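# Summary of structural features
Residues per chain, in single letters:
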Amino acid sequence: MDWQTWLKGIVSALVTGFTTALTTLVVAPETFNATPEGIKKTLIVSAVSAALSVANFLKQSPLPPPLPKL
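Now for a look at the structure at hand. (Residues numbered from 1 in each chain as written. Predicted model: local features only at pLDDT ≥ 70, side-chain atom pairs only at ≥ 80, totals over all residues. Heavy atoms only, no water.)

## Focus on helix α3 (residues 36-60)
- Along its 25 residues, α3 runs 36 Å from first to last C-alpha, staying within 8% of the 36 Å computed at 1.5 Å per residue.
- The complete set of buried residues in α3 reads Gly38, Thr42, Ser46, Ser49, Ala50, Ser53, Val54 and Phe57. (Helix = DSSP H or I, 4+ residues; strand = E, 2+ residues; numbered from the N terminus. Expected span 1.5 Å × (residues − 1). Buried < 20%, exposed > 50% of the residue type's maximum accessible area, 1.4 Å probe, protein only.)

## Describing the packing of aromatic side chains
- Here the structure, examined in full by the defined rule, presents two aromatic pairs.
- Here the aromatic rings of Trp6 and Phe57 are separated by 6.4 Å at their centres, their planes lie at 50 degrees, and the arrangement is tilted. Taken as a pair, Trp6 in helix α1 (residues 3-22) and Phe57 in helix α3 lie far apart in primary sequence, 51 residues in all. A single burial state applies to Trp6 and to Phe57, both of which are buried.
- Members of the aromatic cluster, joined through ring pairs, are Trp3, Trp6 and Phe57. (Phe/Tyr/Trp six-rings, centres within 6.5 Å; stacked < 30°, edge-to-face > 60°.)

## So, a nonpolar patch on the surface
- Judged by side-chain polarity, Leu22, Leu25, Val26 and Val27 come together as a nonpolar surface patch covering roughly 400 Å² of accessible area.
- In terms of residue count, the dominant contributor to the nonpolar patch is helix α2 (residues 24-27) (three residues).
- With a relative accessible area of 35%, Leu25 lands in the partly exposed category. (Patch = residues over 30% accessible without salt bridge, like charges linked within 9 Å, V, L, I, M, F, W, Y side chains within 5 Å. Areas by Shrake-Rupley, 256 points an atom, 1.4 Å probe, with all protein chains shown as cover. Salt bridge = Lys/Arg side-chain N within 4 Å of Asp/Glu carboxyl O.)

Next up, the structure:
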């Protein structure tokens, strides 16, 4: 795996985490809504979900080898 592919995987994991967390708006709209408190809760869930997705990606695909020196 090269660095470009690895970085695309990280971005994909972040997007997956955030979109997964956005489903909370559908599942529990009374808690996760457009009020300041609801937005704060949604952002917290999004951040945790994204962090877990990235951690899972890193477990499967650790850092690629260093780039060769020119």
